[in-house]
Amino acid sequence: MIHQITRLFPLWAVLLSALAYAYPAAFVALKPGIIPLLGLVMFGMGMTLSLEDFKRVFQQPKIIAVGVLLQFALMPLIAWLIAELLALPPYLMAGLVLVGACPGGTASNVVCYLARGDVALSITMTTVSTLLAIIATPLLTWLYVGQKVPVPIESMLWSIFKIVLLPVSLGVLVNTLYGRRLRPIKPLFPLISILAIVLIIGIVVALNQSNIARMGMLLALAVVLHNLAGLAGGYWIARGLGWDRRISRTLAIEVGMQNSGLGVALSVKYFSAAAALPGAIFSIWHNLSGSMLAGYWSRRES
């Protein structure tokens, strides 16, 4: 039952977004809850990890290094190029680049499983990119959009430390010490994470009701192009390096699916509520595209 609910994440996100667009006042007041909600999501991610997951870094160092490099090299660059091509306003460019500079999303692990990819590799890459994001995300955002909008690198770095590293570390610690005792309730954590992300999306939609009406289609095009370019780049670069389809699928998913919730939280805090729109739309779209891709790959031979 819980698994079915979580797999319908894009549907819940669309429904709540429509509700938030129609009745924004009910959601706007929840704006201060965005960062605590994301911290809850990160804690849930930590609860799925153990010390063994970190040891895998030393088992496949080349693949993980290339995957993480692609994550942080391709996605912010693609975001910047698309924003320039479509002449997006500076605040939307900042939001799109920030999503591109974020680490892999937690949903990528589920999509990887459905796509018959290497789940252990997916989890390890998500973990490594999440830890590196503490430094990489603010620096890359500053590199690409620092000339157009102020990017407070030090403050953003400290925020990512609090929003990401602390909750994830706490989750890993709790899972390591009490994982067996908590096993009966562990299936609830993905559901809680989904509900938290959906609510974050709803808040951002409510805050940007007028901006959506004005920039909705153009921004949707930018997000779709960004995600599809990441998926394609991750897959074909991995194939070009001679890796098999299973590993290539994993890299495609890890590169193309972002922790857009983190992008939303940082955009609201450091740029504007409007800058969070790319992250909110990305949250919905990359789950749809990832699910469709997983369905296609799951029907093909490995």
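Coordinates for the structure precede this section.
All values derive from a computational prediction rather than experimental measurement.

**Quick look at the overall build of the chain**
Move 1: Looking only at helices and strands, the chain has 15 helices and 0 strands in total.
Move 2: The C-alpha radius of gyration computed for the chain amounts to 18 Å, which stays within 12% of the reference 19 Å derived for 302 residues, consistent with globular compactness.
Move 3: The C-alpha extent of the chain, read off along each of the three principal axes, is 45 × 45 × 40 Å.
Move 4: For the chain, the proportion of its 302 residues judged to be buried stands at 54%.
Move 5: Taking the contacts inside the chain whose residues are at least 6 apart along the sequence as the reference set, 84% of them involve residues at least 24 apart.
Move 6: A total accessible area of about 13,300 Å² is found for the chain, and carbon and sulfur atoms account for 70% of it.
Move 7: Between the centroid of the 20 positive side chains of the chain and the centroid of its 8 negative side chains there is a distance of 7 Å.

**Quick look at the packing of aromatic side chains**
Move 1: Per the stated rule, a full pass over the model turns up 4 aromatic pairs.
Move 2: Measuring from centroid to centroid gives 5.0 Å for Y235 and W236, while their planes differ by 85°, and the two rings are edge-to-face.
Move 3: By relative accessible area, Y235 is classed as buried at 11%.
Move 4: Considering the side-chain rings of Y235 and W297, the 5.5 Å spacing of their centres and the 25° angle between planes classify their relative orientation as stacked. Of the two residues, Y235 sits in helix α12 (residues 209-240) while W297 sits in helix α15 (residues 277-298), which places them 62 residues apart along the sequence.
Move 5: A network of ring pairs unites the aromatic residues Y235, W236 and W297 as a single cluster.

**Some thoughts on helix α7 (residues 90-100)**
Move 1: Of all 11 residues that make up α7, 9 are buried, and the element is covered over most of its length.
Move 2: Among the residues making up α7, those that are buried are L92, M93, A94, G95, L96, V97, L98, V99 and G100.

**Thoughts on the packing of helix α6 (residues 61-85) against helix α9 (residues 119-145)**
Two packed helices can be described by the angle between their axes and the distance between those axes.
Move 1: Following both chains from N to C, one finds α6 and α9 inclined at 40°, their axes separated by 9 Å at the closest point. With respect to α9, the element α6 is oriented oblique. In this structure, α6 crosses over α9, and the sense of that crossing is right-handed. Every residue of α9 that contacts α6 at I63, I64, G67, V68, Q71, F72, A73, P76, L77 and W80 is listed here: L121, T124, M125, V128, S129, L132, A133, A136, T137, L140 and Y144.
Move 2: The residue inventory of the contact of α6 with α9, partitioned by class, reads 16 nonpolar, 5 polar and no charged.

**Some thoughts on unusual backbone geometry**
Move 1: The phi torsion at A87 lies on the positive side, around 55°, for a residue other than glycine.
Move 2: Relative to the elements of secondary structure, A87 occurs in the loop between α6 and α7.
Move 3: What makes A87 exposed here is its relative accessible area of 59%.

**Some thoughts on the environment of I194**
Move 1: By secondary structure assignment, the location of I194 is in helix α11 (residues 188-207).
Move 2: For the pair I194 and L140, spaced 54 residues apart in the sequence, the C-alpha separation amounts to 27 Å.

Cut-off values and rules
Residues numbered from 1 in each chain as written. Predicted model: local features only at pLDDT ≥ 70, side-chain atom pairs only at ≥ 80, totals over all residues. Heavy atoms only, no water. Helix = DSSP H or I, 4+ residues; strand = E, 2+ residues; numbered from the N terminus. Rg over C-alpha atoms; globule rule 2.2 N^0.38 Å. Buried < 20%, exposed > 50% of the residue type's maximum accessible area, 1.4 Å probe, protein only. Contact = heavy atoms within 4.5 Å. Areas by Shrake-Rupley, 256 points an atom, 1.4 Å probe, with all protein chains shown as cover. Lys, Arg positive; Asp, Glu negative; His and termini not counted. Charge placed at Lys NZ, Arg CZ, Asp CG, Glu CD. Phe/Tyr/Trp six-rings, centres within 6.5 Å; stacked < 30°, edge-to-face > 60°. Axes fitted to C-alpha atoms, helices over the stretch in contact; angles between N-to-C directions. Parallel < 35°, antiparallel > 145°, perpendicular 65-115°, else oblique. Left-handed = near helix turned anticlockwise from the far one by under 90°. Nonpolar A, V, L, I, M, F, W, Y, C, P; charged D, E, K, R; others polar.

Bear in mind that shape data such as this cannot, by itself, settle questions of function.
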